[in-house]
Amino acid sequence: MLRLRARARSRQGTARATLTTPAAKFSLNRRTGGWVLHDAGGLEVFRCTTTDFTGSASEFALRLAEGESIFGLGESSGPFNKRGLIREFWNADVLGHASCIHPGLKNLYVSIPFALSLREGRAGGLFWHNPGRQIWDIGCTEPEEFRLRAATGALDVYLFLGPTPADVVARFTELTGRIPLPPRWALGYHQSRYGYANREELEQIAREFRRRKIPCDALHLDIHHMDGHRVFTFGRSFPRPREMLARLARHGFKAVAIVDPGVKADPQFGVLKRGRARRAFVKTRDGRRDFVGKVWPGKSLFPDFLNPSVRHWWAQEQAAFQKLGLAGIWNDMNEPALFDTPGKTLPDACEHLNPDFQAVAEPNQPSQVRSNRTSHAALHNLYGSAMAEASHDGALLAAPDRRPFVLTRSGYAGIQRHAAVWTGDNSSSWEHLAESIPMLLNLSLSGVAFCGADVGGFLGDCTGELLTRWTQLAAFTPFFRNHANIDSRRQEPWAFGPRTEALCRDAITLRYQMLPYLECLFAEARRTGAPIMRPLLWHHPNDPAAVVCDDQFLLGESLLVAPILRPGARARSVYLPRGLWFDFWSGGLYEGGQHIIAEAVAEHIPVFVRAGAAIPTGTPRQSLSGERDTTVNLHVWPHGRSQLVWHEDDGESLGYQRGQFSTRQVECVDRGTVRELVLGQAEGSFPSQTLAWRVILRCVRRNYRVWVNGERVPAEFDPTLGICLFEVPNRPVAMVVRWR
Ligand code: GLC
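The model shown is predicted, which means the values in this text are computed figures rather than measured ones.

Visitor: Explain the overall build of the protein chain to me, please; I cannot follow it from the model alone.
Guide: What the protein chain contains, in helices and strands, is 12 helices and 49 strands. Its C-alpha atoms give the protein chain a radius of gyration of 26 Å, within 12% of the compact-globule value 27 Å for 740 residues. For the protein chain, buried positions account for 62% of its 740 residues. Contacts in the protein chain between residues at least 24 apart in sequence constitute 69% of all its contacts with a sequence separation of at least 6. Each charge class in the protein chain was averaged separately, 89 positive and 75 negative side chains, and the resulting centres sit 3 Å apart.

This is the structure we're talking about:
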């Protein structure tokens, strides 16, 4: 990783400066401000042709190589590869952001000025750390030029070497941080609606899930729960919240409450009074008066989350609220979104007092930072992240050893350290279903591993078929929540009759069976920064067909998901990267490196498994609260090799940060006639709850003889299912399981 911080162009001294390390060579032309980065093999990673400063703005231009693709850029609508587009980084509230509705849409709720470049299979990365407004013209105006411009702030750029996408993202997340492990329940299914209007309705929803045996772990409380939209309150429609939340918890439901930044300008309101006493609100341009703007509560004041002492105060307010029994906090409108200002956010000239982000002033822009006051324009994109950080801290104040769950709409680079991200107000359309894939993939590549879209779509009316296909897709995305708007038709899994209900139940149940695999992937994301939901290029950067693929994705390395994205479709074209792949449902074997036509019955979408994969699964359950399974199913597919780090912890506490987890390498090796499963020695101080592994050899035609560390164990063959099954007791020592 290389950091460039430029101030103004120097015209003195030697024209060229060179920095050489074993991994790279960087040469700067002092006269033009141009530079070039080569990797150790002498191949060019980036070439900057010019750097310029005008007034408070700075800009530089990169040369795009032939065939170079650009990914990442946080959250955006439109195509997966961003080359040929203009992208603006300025967090904004955008209703119905599908590119078919807003073809030229340039900015959304989350800004991550990070690009992953791919040139002939080699990856490089660039991050411009500047939370002010940026505009990137990625070969739109000039096809071979990538022009990056910031309206304010410093030119503070980091360059990351590959050669693989995994290397780049590992380095980028080393800098900006990786996800903490969420509580296990947060990996389950969430149900939401704007809004469940009162306690009876919410409790009825909870009862329906259990009565209909549809697994569900979380219910979200949208703005209806509040007393006149006063943050951190419950209104009269939700009486005795403590008792209500305890009751839900007894039935295995966690409650997540929405918390918007706007604090109602009601002089009697406690949060407002305490905030004012601490000078906690964003100021008007004179730095003295509190800025007042309109949002859900009407006239509101906006906490200055950029200031650490304000975050601390907010965390305390939230902790008191959360102690009523709320398991999670949902930060919305935190761009921040305003109803009545011209830019629908805080005016640029608003002042932040004592922010802990130093918006470094260029020598030629002295007015931007005046001592401890910074203009909103210079910090705008950090507001949502700073609020999420305060929420995360608040959750820890409420319960110091419980894993926080914070969901946010807005954020900046590094948001993954404090919150999961959902992609805001999409719509109930097939186009939006399709767009959710490149959107989530680019967010994932930008470090935000825990992300998801509103299942079924937020705006407009969903249909049974759309909800089914969306639920079938989203069962494989990291965050899995059905949410709909106040004037949309009902969208709970049973809202479209028994057939849709049954199909959604099956998809959600499959998600719960996949939980052990998902937990391993979350642990990997925490360890290495690798996304949970991955584009095909992650594992196949040299395969041009895999690189352009934006309507399929990988869950970890081993599952390839090819969702159905059109109404009535009963088949679709699927690209299988090189190697052998099994149809997850039928067991059919395919040679990769080609497109195939996959059937898509109503019951499920096409899913493929990499040959040689080992995938741990669990027993279906209604909610994830309660004991872990004591037997883990390990499905093993033939013809190949694979590796997985098995991860186990208590799913709730922060013990994992103190080493209280258990891991072991799970490796499958094909040695011709003999196959081997190597379970490495268990590591970490968490006492494993797993008593046994139920190994299920998939797609086999006969029974096998099986040895565990040289000792025969009995195996059973089921010819109808084509599986061979045996149990391996889980001992912490290394174990070699062989079958032939
Ligand atoms: C915003 C959110 C949406 C929420 C609504 C009401 O539009 O994006 O999810 O339901 O506000 O709070």
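Visitor: Teacher, can you tell me more about the environment of Arg230 here?
Guide: One can find Arg230 in the loop between strand S16 (218–221) and helix H3 (241–250). Sequence spacing of Arg230 and Lys264 is 34 residues, and the spatial spacing of their C-alpha atoms is 5.9 Å.

Visitor: How should the pairing of strand S49 (residues 735–739) be read in this particular structure?
Guide: Residues in a regular strand project their side chains so that they alternate between the two faces of the sheet. Of the two faces of S49, only one is covered, namely that formed by Met735, Val737 and Trp739; the face formed by Val736 and Arg738 stays uncovered. For strand S43 (residues 674–679) and S49, the ladder comprises 5 bridges, and the chain directions are antiparallel. Residue pairing in the sheet places Leu677 in a bridge with Val737 of S49. Relative to S49, strand S45 (residues 706–708) runs antiparallel, the two sharing 3 bridges. Considered in S49, the bridge of Trp707 is made with Arg738.

Visitor: Teacher, can you tell me more about the sheet that holds S45 here?
Guide: Across a sheet, paired strands are connected by hydrogen bonds in the backbone, their directions being either parallel or antiparallel. The 6 strands are arranged S41-S42-S43-S49-S45-S46 in an open sheet whose pairing can be described as antiparallel. This sheet does not close on itself; its edge strands, each paired only once, are strand S41 (642–648) and strand S46 (711–713). Put simply, the sheet's adjacent strands are angled 25 degrees from each other on average, direction ignored.

Visitor: Any chance you could explain a positive patch on the surface here in plain terms?
Guide: On the surface, a cluster of positive charge is contributed by Arg702, Arg705, Arg712 and Arg740. In this structure, Arg705 sits in the loop between strand S44 (692–697) and S45.

Visitor: Looking at this model, I keep getting lost on the sheet that holds strand S31 (residues 533–534). Mind explaining?
Guide: Reading across from one edge, S31-S32-S33-S38-S35-S36 is the order of the 6 strands in this open sheet, with antiparallel pairing throughout. Sheet topology places S31 and strand S36 (589–591) at the edges, where each strand pairs with a single neighbour. Here strand S35 (residues 580–583) runs beside S36; their pairing, made up of 3 bridges, is antiparallel. Considered in S36, the bridge of Leu580 is made with Glu591.

Visitor: It is not clear to me how the packing of aromatic side chains should be interpreted in this structure. Could you clarify?
Guide: Pairs of aromatic rings are described using the distance from one ring centre to the other and the angle between the two planes. Across all of its chains, the model carries 37 aromatic pairs by this definition. Measuring from centroid to centroid gives 5.8 Å for Trp313 and Trp314, while their planes differ by 70 degrees, and the two rings are edge-to-face. Of the aromatic side chains, those joined through ring pairs into one cluster are Phe232, Phe234, Phe238, Phe281, Phe305, Trp313, Trp314, Phe321 and Tyr383. Geometry around Trp707 places Arg712 over its ring, the cationic atom sitting 5.7 Å from the centre.

Visitor: Got a minute to help me understand the environment of His229 in this structure?
Guide: Residue placement: His229 occurs in the loop between S16 and H3. Classification of His229 as partly exposed rests on a relative accessible area of 26%. Counting along the chain gives 31 residues from His229 to Asp260, while the straight-line C-alpha distance between them is 9.1 Å. Here Trp296 takes part through its backbone oxygen, which lies 3.0 Å from a polar atom of the side chain of His229.

Visitor: Would you mind going over the site of the ligand with me for this structure?
Guide: For the ligand, the full set of nearby residues is Tyr194, Asp222, Ile223, Ile258, Trp296, Trp330, Asp332, Arg409, Trp422, Asp425, Phe458 and His483. One nitrogen or oxygen atom from the side chain of Asp222 is found 2.5 Å from an oxygen atom belonging to the ligand. Between the ligand and Asp332, the relevant distance is 3.0 Å, taken from an oxygen atom to a side-chain nitrogen or oxygen of the residue. Protein contact buries 96% of the 310 Å² of open area that the ligand shows by itself.

Visitor: Can you walk me through the nonpolar core in this structure?
Guide: Within soluble globular proteins, side chains that are nonpolar generally end up buried alongside one another. In terms of nonpolar packing, the biggest core is built from 185 residues, with Trp314, Phe476 and Leu559 touching the most fellow members. Ignoring anything within four residues of it in the chain, the contact list for Phe476 reads Leu510, Arg511, Phe553, Leu555, Leu559, Val561, Ile605 and Val607. In this structure, Cys48, Leu73, Phe89 and Trp128 belong to the second largest nonpolar core, which totals 28 residues.

Visitor: I keep staring at the pattern of salt bridges and nothing clicks. Help me out?
Guide: Any two side chains of opposite charge can pair, so long as their charged atoms come close to each other. Applying the stated rule across the entire model yields 49 salt bridges. Its salt-bridge partner being Glu44, residue Arg63 comes within 3.3 Å of it at the nearest N-O pair. With Arg63 in strand S6 (residues 57–63) and Glu44 in strand S5 (residues 44–54), the pair connects residues that are 19 residues apart, well separated along the chain. On the basis of relative accessible area, Glu44 is assigned to the buried category, the value being 13%.

Visitor: Explain helix H9 (residues 464–474) here, please?
Guide: H9 sits mainly inside the fold: 10 of its 11 residues count as buried. All buried positions along H9 are accounted for by Gly464, Leu466, Leu467, Thr468, Arg469, Trp470, Thr471, Gln472, Leu473 and Ala474. Those residues of H9 hidden inside the fold are in contact with helix H8 (430–445), strand S29 (454–455), strand S30 (481–482), helix H10 (498–513) and strand S32 (553–555).

Visitor: Can you walk me through the confidence of the model for the protein chain in this structure?
Guide: Of the residues in the protein chain, 97% have a pLDDT of 70 or more, and the chain-wide mean is 95. Ranking the elements of the protein chain by mean pLDDT puts strand S23 (residues 369–370) last, at 45, and strand S25 (residues 406–408) first, at 99. Under a pLDDT of 50 for its full length, residues 361–370 has, in the predicted model, 27 contacts with residues more than four places off or in other chains.

Visitor: Would you mind going over the packing of H8 against H9 with me for this structure?
Guide: When two helices pack together, their arrangement is captured by the angle between the axes and the distance separating the axes. At a closest axis distance of 10 Å, the pairing of H8 and H9 adopts a crossing angle of 5 degrees. On the basis of the axis angle, H8 is roughly parallel to H9. Here Trp430, His432, Leu433, Ser436 and Ile437 of H8 come into contact with H9, specifically with Glu465, Leu466, Arg469, Trp470 and Leu473. Its residues assigned to classes, the contact of H8 with H9 comprises 6 nonpolar, 2 polar and 2 charged.

Visitor: Sorry if this is basic, but what is going on with the side chain of Thr423 here?
Guide: Among the structural elements, Thr423 can be located in the loop between strand S27 (420–422) and H8. Taking relative accessible area as the criterion, Thr423 reaches 2% and is therefore assigned buried. Apart from the residues within four sequence positions on either side, Thr423 is in contact with Glu75, His97, Tyr109, Met439, Leu440, Leu443, Gly452 and Ala453.

Visitor: Would you mind showing me how to read the state of the cysteines here?
Guide: As used in these notes, a disulfide is a covalent bond between sulfur atoms, one from each of two cysteines. The final tally for this structure, using the stated rule, is 0 disulfides. In this structure Cys724 is not part of a disulfide, and its nearest cysteine sulfur, from Cys699, lies 13 Å away.

Visitor: Is there a simple way to explain H3 in this structure?
Guide: Because an α-helix completes one turn every 3.6 residues, residues spaced three or four positions apart along the sequence face the same direction. Of all the residues in H3, the buried ones are Pro241, Met244, Leu245 and Leu248. With its buried residues spanning 95 degrees around the axis, H3 presents them on a single face. Turned more than 90 degrees off the buried face of H3, the exposed positions are Arg242 and Arg250. Among the structural elements, helix H2 (199–211), S16 and strand S17 (254–259) are those in contact with the buried residues of H3. Positioned one or two residues after H3, Gly252 has a phi angle of 85 degrees, which is positive.

Visitor: How should the environment of Glu603 be read in this particular structure?
Guide: Here Glu603 lies in the loop between strand S37 (594–599) and strand S38 (607–610). Taking the C-alpha atoms as reference, Glu603 lies 8.0 Å from Asp506; in sequence the two are 97 residues apart. Those residues in contact with Glu603, other than ones at most four positions away along the chain, are Gln472, Arg499 and Leu503. Engagement of the side chain of Glu603 in a polar contact is seen with the side chain of Arg499, the distance being 3.0 Å.

Scoring rules and cut-offs
- Residues numbered from 1 in each chain as written.
- Predicted model: local features only at pLDDT ≥ 70, side-chain atom pairs only at ≥ 80, totals over all residues.
- Heavy atoms only, no water.
- Helix = DSSP H or I, 4+ residues; strand = E, 2+ residues; numbered from the N terminus.
- Rg over C-alpha atoms; globule rule 2.2 N^0.38 Å.
- Buried < 20%, exposed > 50% of the residue type's maximum accessible area, 1.4 Å probe, protein only.
- Contact = heavy atoms within 4.5 Å.
- Lys, Arg positive; Asp, Glu negative; His and termini not counted.
- Charge placed at Lys NZ, Arg CZ, Asp CG, Glu CD.
- Pairing = 2+ DSSP bridges.
- Axes fitted to C-alpha atoms, helices over the stretch in contact; angles between N-to-C directions.
- Patch = residues over 30% accessible without salt bridge, like charges linked within 9 Å, V, L, I, M, F, W, Y side chains within 5 Å.
- Areas by Shrake-Rupley, 256 points an atom, 1.4 Å probe, with all protein chains shown as cover.
- Salt bridge = Lys/Arg side-chain N within 4 Å of Asp/Glu carboxyl O.
- Phe/Tyr/Trp six-rings, centres within 6.5 Å; stacked < 30°, edge-to-face > 60°.
- Lys NZ or Arg CZ within 6 Å of the ring centre and 35° of its normal.
- Polar contact = N/O pair within 3.5 Å; in protein donor to acceptor, adjacent residues only side chain to side chain.
- Near = heavy atom within 4 Å.
- Core = buried A, V, L, I, M, F, W, Y, C linked by side-chain atoms within 4.5 Å.
- pLDDT = per-residue confidence, 0-100.
- Parallel < 35°, antiparallel > 145°, perpendicular 65-115°, else oblique.
- Nonpolar A, V, L, I, M, F, W, Y, C, P; charged D, E, K, R; others polar.
- Disulfide = S-S within 2.5 Å.
- Arc of directions from axis to C-beta.

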